[in-house]
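A closer look at the structure
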Amino acid sequence: MKDASESPASQGRTPRSAKRAADLNCEVLIVGGGMVGLSLAIALAEAGVSVVVVDRENPATATATAFDGRSSAIARGSQQVLATTGVWPGLADHAEAIRDIRVTEGKASGGRASHLFLHFDASDIDGGPLGHIVENRFIRRAGLARAGELANLELLAPMSLAALRRLPTRVEAELDDGRCVYASLAVAADGRGSPLRAAAGIAVGTWDYGQDGIVCTVGHDKPHHGVAHEHFLPSGPFALLPMTDAAAGIHRSSLVWTEKRDLTSSIMALDDAAFGYELMRRFGMTLGALRVMGRRWSYPLSLLHAERYLDRRLVLIGDAAHGIHPIAGQGLNLGLRDVAALAEVLMDARRLGLDIGESTVLERYQRWRRFDNLALIAATDSLNRLFSNNIAPLRLARDLGIAAVDGVPPLKRFFMRHAMGMVGDLPRLIRGETL
Ligand SMILES: Cc1cc2nc3c(=O)[nH]c(=O)nc-3n(C[C@H](O)[C@H](O)[C@H](O)COP(=O)(O)OP(=O)(O)OC[C@H]3O[C@@H](n4cnc5c(N)ncnc54)[C@H](O)[C@@H]3O)c2cc1C
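These notes cover the structure that comes with them.

Below, the discussion takes up the sheet that holds strand E3 (residues 28-31). Pairing is mixed in the open sheet, where 6 strands are placed in the order E10-E4-E3-E14-E21-E20. A strand with exactly one partner marks an edge of an open sheet, and here the two such strands are strand E10 (153-156) and strand E20 (310-311). Pairing analysis gives 3 bridges linking strand E14 (residues 185-188) to strand E21 (residues 314-316), with the strands arranged parallel. Following the sheet pairing, Val-187 is matched in E21 by Val-315. Sheet contacts for helix H1 (residues 35-46): E3, strand E4 (51-54), E10 and E14; angle to E4, the most-contacted strand, approximately 170°.

The next thing to look at is the site of the ligand. Around the ligand sit 34 residues in total, of which Gly-32, Gly-34, Gly-191, Gly-318 and Gly-331 are the nearest. Those elements giving two or more residues to the shell around the ligand turn out to be H1, strand E5 (71-75), strand E15 (204-220) and helix H8 (331-351). Among the residues making up the shell around the ligand, the classes are represented as 14 nonpolar, 14 polar and 6 charged.

The next point concerns the nonpolar core. Of all hydrophobic cores here, the largest spans 111 residues; its most connected members are Leu-40 and Ala-186. If we skip the residues at most four places from it in the chain, Ala-186 touches Leu-29, Val-31, Leu-164, Arg-166, Val-171, Ala-173, Leu-196, Arg-313 and Leu-314.

Right, let's get into the packing of H1 against H8. The N-to-C vectors of H1 and H8 enclose an angle of 30°; their axes lie 9 Å apart at closest approach. As judged from the angle between their axes, H1 and H8 are roughly parallel. Of the two elements, H1 crosses H8, and the hand of that crossing is right-handed. For the pair H1 and H8, contact is made by Met-35, Val-36, Ser-39, Leu-40, Ala-43 and Leu-44 and by Leu-332, Gly-335, Leu-336, Asp-338, Val-339, Leu-342, Ala-343 and Leu-346, respectively. Counted by class, the contact of H1 with H8 contains 11 nonpolar, 2 polar and 1 charged residues.

With that out of the way, let us pick up the pairing of strand E16 (residues 227-233). Counting buried positions along E16 gives 6 out of 7 residues, so the element sits mostly inside the fold. Where strand E7 (residues 100-105) meets E16, 6 bridges bridge the pair, whose relative direction is parallel. Within E16, the residue paired with Thr-104 across the bridge is His-231. Pairing analysis gives 5 bridges linking E16 to strand E17 (residues 236-242), with the strands arranged antiparallel. Across the sheet, His-229 pairs through a bridge with Leu-240, a residue of E17. Counted between consecutive antiparallel strands, the loop separating E16 from E17 contains 2 residues.

Conventions we followed
Residues numbered from 1 in each chain as written. Predicted model: local features only at pLDDT ≥ 70, side-chain atom pairs only at ≥ 80, totals over all residues. Pairing = 2+ DSSP bridges. Helix = DSSP H or I, 4+ residues; strand = E, 2+ residues; numbered from the N terminus. Contact = placed C-beta atoms within 7 Å. Axes fitted to C-alpha atoms, helices over the stretch in contact; angles between N-to-C directions. Near = placed C-beta within 6 Å. Nonpolar A, V, L, I, M, F, W, Y, C, P; charged D, E, K, R; others polar. Core = buried A, V, L, I, M, F, W, Y, C linked by C-beta atoms within 7 Å. Buried ≥ 20, exposed ≤ 12 C-beta atoms within 10 Å, placed from the backbone. Parallel < 35°, antiparallel > 145°, perpendicular 65-115°, else oblique. Left-handed = near helix turned anticlockwise from the far one by under 90°.

Structure below.
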């Protein structure tokens, strides 16, 4: 994909298909219709903005069981965004409430769970769920269904961009099929590898954790009672997150097992019985016998942060702007906070009759989101460093720190509200208000 915005020779050049009847005019072009890009499209279209979304993936592929394998912990603030924009009803039946989070350390032994040292309970806050676990495929399906109801939202998928010209007064995107999309603003929601970000010359800070996240659905004999287990092992965190029961009442949890990269391939190569045995060796028998259901995935884990979130008539959201360690299950939640903030900034500007692609408008979004994203990047990075090791002084420091948090209810509530995405300067969509 070519980005011609920085080339003076390209300014104002007429694209080859500019006069074709099938060309599209809209206010906002979103490149990337993943969970974040599609959520922004829905929020804006709901508020009356005309939106075109371009995604290179076929929606049927992206919602198939074999595509992703991950589930997401949806914080309460993110649930509000999905509810206010009409997406939540489409996935509510597949969402399991998190009522309790138990953090333990060390390997289980003799079938017993290991040492419990931090406990978050819904009753510590207001009795409502701390969040929900939903399979990504259901979030995608609900988003696509909602998008299909909005007349001013056009999803072009599978489709790629051949070129993007970001001119002083508008954006011109040339599609692979020869058509053009004209918009006031282009949004890069095209994930960690963001071709739009690269083409705009926006640098990123990155750090490879040397770890992979092994992901699958795990069946177990005992019900989970809405408890999310986070188990800290020297190689990294090992989480079992409560899912809805499968047909025939099979109890299920979603596994995110962080492991050193040089061990991942041998673990992935284990047969199901041996893999299940390794799970029980690490987790114990709290949920009874554990067995893998369906296939396993592994994701390389790294940190990524764009040095800025905007360029001429271009703004970055979601993983295109920031990628974090899944230790706290917050990557998508950050993306949905970007959505809520950007949608509000654009709507406020539009109501004032301003050009929504102007850098002064986009700078408000950047100021709003950058600090929150940086804070979470730092927090998840520190947590992973602190817990993914077995060094005695560090172990002592983290045990003392965590014991202090667990023993001081106001401090505990503060951390819980943060994890629920209910702290800070909250955008209207997170407060449950319309745009
Ligand atoms: C193991 C693991 C567990 C996780 N668990 C959680 C969790 O519990 N909670 C949580 O909040 N987050 C979690 N995350 C993070 C979360 O999955 C991501 O933050 C989220 O998926 C990012 O969504 P996105 O839409 O920004 O990007 P993506 O999902 O990467 O979507 C990008 C989209 O852009 C499209 N695209 C890319 N390039 C182009 C192009 N050139 N043209 C057109 N389209 C293009 C792609 O097809 C894709 O649809 C986890 C991550 C991992 C690795």
